[in-house]
Amino acid sequence: MSVSRYHLVKTLYAKEWVRLKRNPAALMAVGLLILMAFLLNIESKAQQTAKRSSGWPCLVAFNEDNALIQHLKRNQHPKLKVKFVHEPKVNDSSVRYAPVVDCVAEIQDVQEFQMLGMRPQHKIIFRHGGSEASIKKTNGLARWLLSSMAAKYSNHNIEQRIHPLPNSKSKPSASLDLGNKKSRAMVSAMLIFSTQFFVCCALFISLTAHEKEKSILQALALTLASPRMQLIVKVFFHLSLALIASTIMLAVISPAHLFFVGTWWILIASSIGLISVATILTSLNRTQTSASLMGFCYLMFVGVVFALSQNFKGFSLLKMFMFEHHVISALSMFFNGITRNNYLLLGAHLLTLTVIVIVLSTVSFLLWQRKGWKT
Amino acid sequence: MIKIENLVIEYGDFKAVDGLSFSVDKGELFGFLGPNGAGKTTTIKCLTGTIKPTGGQVQIAGFKLPKEFHHIKPLIAYVPDTENHFEDFSGRENLQLYADLYGIPRNRIEIWLERLQLTEASDVKVRNYSKGMKKKLLIARALIHQPQLIFFDEPTANLDIHSVKLVRALLRDIADAGTSVFLTTHDMEEVEQICDRVAIIAKGKLLDIDTPTAFITCHAERYCDVQYDNQGQLVRNTLHLDLQEDKQRLSEIVLNEKCVRVHSREFRFEDVFRKLTGEAYR
């Protein structure tokens, strides 16, 4: 009785596909994540449109069309488009500007000081839309306005404040600005990693731990397919599934990155790393329930370490030894655009990622051989 | 087919199997019996390559375990006591998978489906099978590659009386065709009916090994139930005919014409098993 290895691998691979086909609900989470990627893309485009609309002029609202305003009108900002509007109720937070803008300078000429024979005083309130981009733009407007005023009226008193626009929706410190390239890159990387987690870790644990609990792996090990071959086929199956899902995600999020070798390196290493974690968890648990719970705990652990690493050095150090950190960082760098400055950092991420994944996969393989497939 | 010499299997400090030695011939239907926790499943696990022996030597078809297990694998099959099918697959798909993994032509599936009376349900998902049907599918799966040695763990558990008859006949047939059958069961009637030889173990040690008939002959304890009239009252008594005192008492009852009824008690294999294993645990 001799059967080629190719035939055995093909049979086991087909078995995995049929199992998945009979349980389509298992891929529901991946479908939802791809849907999220679509939504992210639509949202990003909407925000980019909003950003383009922020190419609309900044407003300089004034209550008195005096010499200062005339001076500013003559010496416009070289890059920023500035529109001057007369607003008698300037510096009143109830004023709404139309069309909606995200960068306003309200100049109030305070007459009382001149009447008292004191130096003329101008009260200026800069208002921003809340997003990082609008704050930057408002900052540019403030620099131009203040320097122009200082050049012409160095003896005038200026009182300045910065406030968000009353109609601004986003809060600069807490919310996620998808119009921001960096944030978008991070969210995209997280979405791709989450997809890989579901395919390589959650689905792997679910299918394999079930076979282990039911002694199916043992029954298969008694055929011509060895436990090692079973694991290799499972790795290939989940890897291919993860790459298919990741390709769809990439095509939705950033199609240009489909042609980067580095992106594929990260995706393959990340998938193998997650499969290794799943193999270890399956090997250490006897039942599907306990293995699945451990998979959930693993996800929580990664999340907690990432969250705490922002404030605690110990967790920050621990994160360095986690391949998940290197995957997300490297993917974010790719999506954010690689510059000469971060080539070295990217290389370090890729190298560390590869080393960690090799160590993890070796441990998982040894554990599988020793006790992973046995009930 | 199987040659075991001084097999020892330990789990930490606990000796699950302690110096087991016996052999199974080709085409023999061998019963491997013992009470729960005697070490039967551990021995089968060792013979099917799941656990490694701590000591001793095991040979199957001339190949040493665990070193040459890759040579042994195609020659053996194992029918576990619990069903381990792919529940989302039909019966036919389950058999097809195993046939493909052994490189067996798929037309052989039909033969075994027919033989185990599963043809009608072959395209139904195993999830919807009864326990008996699942058991029969396990047997069909084990036989599909025509192994030289089959391990059966409780093959007739959960089967109805018709299926029990079918499976027992099948076991006898495959043994007669030259395949060795290694059977563990708690059904003593089954052992008495179909086994060529039986080994009884307890606490990981071999108690005895022989044919069921020889076991009964060697270990039989002859009893008879007597009813006799004792001054107008009917008295019932059980007498052990191997004891001189009881023998004399029986002859007295018969000779004094007081005897109403004498029944000889049939000594079954179950009694031998109870006697041997009971002594081991006393």
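Going by the structure above, here's the rest.
Residues numbered from 1 in each chain as written. Chains lettered and ligands numbered in written order. Predicted model: local features only at pLDDT ≥ 70, side-chain atom pairs only at ≥ 80, totals over all residues. Heavy atoms only, no water.

Engineer: What is the right way to look at the overall build of chain B in this model?
Structural biologist: Within chain B, the secondary structure is distributed over 10 helices and 13 strands. Judged by the C-alpha coordinates and their principal axes, chain B covers about 80 × 45 × 30 Å. Put simply, chain B has 282 residues, and 51% of those count as buried. Restricting to contacts in chain B with at least 6 residues of sequence separation, those with at least 24 account for 64%. (Helix = DSSP H or I, 4+ residues; strand = E, 2+ residues; numbered from the N terminus. Buried < 20%, exposed > 50% of the residue type's maximum accessible area, 1.4 Å probe, protein only. Contact = heavy atoms within 4.5 Å.)

Engineer: Even after reading the chapter, I still don't get the sheet that holds strand 12 (residues 233–240) of chain B, so can you show me in this structure?
Structural biologist: Strand pairing in a sheet relies on backbone hydrogen bonds. The paired strands run either parallel or antiparallel. Residue and element names in this part refer to chain B. Read from one edge to the other, the open sheet built from 3 strands follows the order 12-11-13, with strand pairing classed as antiparallel. Pairing within the sheet leaves two strands with one partner each, and these edge strands are strand 12 and strand 13 (259–264). Here the strands of the sheet are splayed against their neighbours by 15° on average, with no regard to which way each runs. By the bridge criterion, 5 bridges tie strand 11 (residues 223–230) to strand 13 in an arrangement that is antiparallel. (Pairing = 2+ DSSP bridges. Axes fitted to C-alpha atoms, helices over the stretch in contact; angles between N-to-C directions.)

Engineer: Would you mind going over the state of the cysteines with me for this structure?
Structural biologist: One covalent bond between the sulfur atoms of two cysteine residues makes up a disulfide. Residues and elements named next belong to chain A. Enumeration over the complete set of coordinates arrives at 1 disulfide over all chains. Each sulfur in the disulfide pair Cys58 and Cys103 lies 2.5 Å from the other. Between Cys58 and Cys103 the disulfide shows an S-S torsion of about 100°. By sign, it is right-handed. Linking Cys58 in strand 1 (residues 58–62) with Cys103 in strand 3 (residues 103–110), this pair joins segments that are 45 residues apart in sequence. By relative accessible area, which is 1% here, Cys58 ends up buried. Among the residues examined, Cys103 registers a relative accessible area of 1% and is labelled buried. (Disulfide = S-S within 2.5 Å.)

Engineer: I'm lost on the environment of Val8 of chain B in this one. Help?
Structural biologist: Turning to its location among the elements, Val8 of chain B is positioned in strand 1 (residues 2–11). With 196 residues separating them along the chain, Val8 of chain B and Gly204 of chain B place their C-alpha atoms 8.6 Å apart.

Engineer: Before we go on, may I ask you to explain the nonpolar core in this structure?
Structural biologist: Burial of nonpolar side chains together is a common tendency in soluble globular proteins. With 66 residues, the main nonpolar core has Ile192, Cys201, Ile266, Leu274, Tyr298 and Phe323 of chain A as its most contacted residues. For this core, the leading source of residues is helix 6 (residues 181–213) of chain A, giving 14 residues. For Tyr298 of chain A, the residues in contact, after removing those within four places along its chain, are Phe197, Cys201, Leu274, Val277, Leu281, Phe323 and Glu324 of chain A. By size, the runner-up hydrophobic cluster in this structure holds 62 residues, among which are Ala219 of chain A together with Ala99, Leu118 and Phe267 of chain B. (Core = buried A, V, L, I, M, F, W, Y, C linked by side-chain atoms within 4.5 Å.)

Engineer: Sorry, what's going on with unusual backbone geometry here?
Structural biologist: Residues apart from glycine generally show negative phi values, whereas peptide bonds are mostly found in trans. Following Leu65 of chain B, the chain continues to Pro66 of chain B via a peptide bond in cis, the omega torsion being 0°. Along the chain, Pro66 of chain B turns up in the loop between strand 5 (63–65) and helix 2 (69–72). Non-glycine residue Ser215 of chain A carries a positive phi angle of around 65°. For Gln231 of chain B, which is not a glycine, the phi torsion comes out positive at approximately 50°.

Engineer: Sorry, what's going on with the pairing of strand 9 (residues 197–202) of chain B here?
Structural biologist: A regular strand places its side chains on the two faces of the sheet in alternate fashion. All names here are of chain B. When you tally the buried positions in strand 9, you get 5 out of 6 residues, the bulk of the element. Bridge analysis of strand 3 (residues 29–33) against strand 9 gives 4 bridges, and the strand direction is parallel. Its bridge partner being in strand 9, Gly31 is matched across the sheet by Val198. Of the pairings in the sheet, the one linking strand 9 to strand 10 (residues 205–210) comprises 5 bridges and is antiparallel in character. Counted as the bridge partner of Val198 is Asp210 from strand 10.

Engineer: Help me out: how do you make sense of the interface of chain B and chain A in this one?
Structural biologist: A common way to state how big an interface is: give the accessible area lost once the parts meet. Every contact between the two is made by 26 residues of chain B and, on the other side, 26 residues of chain A. Each partner contributes to the roughly 2300 Å² buried at the junction of chain B and chain A, and carbon and sulfur atoms together form 65% of this total. On the chain B side of the interface with chain A, the three residues burying the most area are Lys73, Phe86 and Leu101 of chain B, jointly 27% of the side's total. Across the chain B-chain A interface, the total number found is 9 residue pairs in polar contact (both at pLDDT 80 or more). Elements that contribute at least two residues to the side of chain B that touches chain A include exactly strand 6 (76–79) and helix 3 (91–102) of chain B. By residue number, the principal contributor to the side of chain B that touches chain A is helix 3 of chain B, which donates 6 residues. In terms of residue class, the side of chain B that touches chain A is built from 12 nonpolar, 7 polar and 7 charged. (Buried area = accessible area lost by both parts, 1.4 Å probe. Polar contact = N/O pair within 3.5 Å; in protein donor to acceptor, adjacent residues only side chain to side chain. Nonpolar A, V, L, I, M, F, W, Y, C, P; charged D, E, K, R; others polar.)

Engineer: Is there a simple way to think about helix 5 (residues 132–152) of chain A in this case?
Structural biologist: For an α-helix the count is 3.6 residues per turn, leaving residues at separations of three or four pointing the same way. All names here are of chain A. Over its 21 residues, helix 5 extends 31 Å from the first C-alpha to the last, a length consistent with the 30 Å expected when each residue adds 1.5 Å. Looking at helix 5, one finds that the buried residues are Ser134, Lys137, Thr138, Gly140, Leu141, Ala142, Trp144, Leu145, Ser148 and Met149. Those residues of helix 5 that are buried are in contact with strand 1, helix 3 (67–74), strand 2 (82–86), strand 3, strand 4 (121–128) and strand 5 (157–164). (Expected span 1.5 Å × (residues − 1).)

Keep in mind these values describe shape, not function.
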